[in-house]
Structures are given as structure tokens and as C-alpha cells.
Amino acid sequence: MITGAEVGFLVLPASVSMVPRGPERPRKGRCGRGGTGAMAVDPRWPVALVRGAVPVALGLLLWVAMAGGEQDRQQTLKAQPGADAASLSQRRRHNELLMAALREATETDDNVAQRRVPWRK
């Protein structure tokens, strides 16, 4: 004879009921001690927030200080020699020659570095 309730192949003791209980009672906080259930604020939190905010604030100040001189830097770069149209076209022509030499070197099997100096076309 079985003394408990049978559920499938599981036999429960008579003290365990399969009938659901009513709604749960509201809890009184942590560990049933009563109170509102809210945790007290740890006094280390403000210190941790300040320690985290100080490096961020310093980085922001340094970024503002460095970004403030950006316009001056742009003006200095524009005023440098070699920024005129003639120098730019000469530099562009030089870059085209270098790219042509590299293109030729990739297309041939011989060693381009061993050629004589006046290799220009």
C-alpha cells in the first residue's frame, strides 16, 4: 500500500501536498527582519564615484586644451613651404613615377632593383 500521492513513477510522502497554496505573503525585507526592504547606501559609493570621475574630467580638460589649438595648427600647416600649387604638382608627378615603377616591378620577373639608375621612361 502506498501512503503518499502518486505522480507518475514518483511517490511523495503523505506530508507533501500537491494542492497549490494560496498567494504568497508579502515579504518583510531581508531575512524576514521587517523594514522597507531597501538597502542602506554604502558610504564608500561617493568616494568610488569621485575616484572614477576625476580621471574622466582630467581627460576631458586635456582634450579641450589640445583641441583649442587645432585652428592654429591648420594655419601653420598651410603656411609651410611646399604647399603652393607648383610644389604639389611636382610631388604628384613624383608619386606617379614611383607608382609606375612599382607597377612595372610587379609585372616583370627580373630584379628591378639591380637596374641602372636612369631607368625612367
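Given the structure is predicted, the values throughout are model-derived calculations rather than measurements. (Residues numbered from 1 in each chain as written. Predicted model: local features only at pLDDT ≥ 70, side-chain atom pairs only at ≥ 80, totals over all residues. Heavy atoms only, no water.)

Quick notes on the overall build of the protein chain
Inclusion rule: To qualify as a helix, a DSSP run of H or I must reach at least 4 residues; to qualify as a strand, a run of E must reach at least 2; elements of each kind are numbered from the N terminus. Exposure classes here rest on a 1.4 Å probe applied to the protein chains alone. A residue is buried below 20% of its type maximum, exposed above 50%, and partly exposed in between. Note on areas: Shrake-Rupley, 1.4 Å probe, and residue coverage restricted to the protein chains presented here.
Helix and strand counts for the protein chain stand at 3 helices and 2 strands. Counting every position in the protein chain, which comprises 121 residues, the buried fraction comes to 3%. With the model as given, the accessible surface of the protein chain reaches about 11,900 Å², and the carbon-plus-sulfur share is 61%.

Let's talk about the pattern of salt bridges
Formally: Think of a salt bridge as a Lys or Arg side-chain nitrogen and an Asp or Glu carboxyl oxygen that are within 4 Å of each other.
Inspection of every chain in the model, using the stated rule, returns 2 salt bridges. Between D42 and R44 there is a salt bridge whose closest N-O contact spans 2.8 Å. The partner of R93 in a salt bridge is E96, with the nearest N and O atoms 3.9 Å apart. Highlighted residues: R93 and E96, both in helix 3 (residues 85-107), separated by 3 residues, approximately one helical turn. What makes E96 partly exposed here is its relative accessible area of 45%.

Side note on helix 1 (residues 44-67)
Note the following rule: Expected span of a helix, by definition, is 1.5 Å for each gap between consecutive residues, and there is one gap fewer than residues.
The terminal C-alpha atoms of helix 1, which comprises 24 residues, lie 35 Å apart, in line with the 34 Å expected from a rise of 1.5 Å per residue. The element helix 1 is largely exposed, with a buried count of 0 among its 24 residues.

Here we look at a nonpolar patch on the surface
We apply this condition: Each patch groups residues whose relative accessible area exceeds 30% and which form no salt bridge, using 9 Å between like charges and 5 Å between nonpolar side chains of Val, Leu, Ile, Met, Phe, Trp and Tyr.
The grouping of V50, V54, L58 and L61 at the surface amounts to a nonpolar patch, some 380 Å² of accessible area in total. Among the structural elements, L58 can be located in helix 1.

Structural notes on the confidence of the model for the protein chain
Our working rule: What pLDDT conveys is the predictor's confidence in a given residue, as a value from 0 to 100.
When the pLDDT values of the protein chain are averaged, the result is 76; 64% of them are 70 or greater. Taken element by element, the predicted model of the protein chain shows its lowest mean pLDDT in strand 1 (residues 6-7) (50) and its highest in helix 1 (91).

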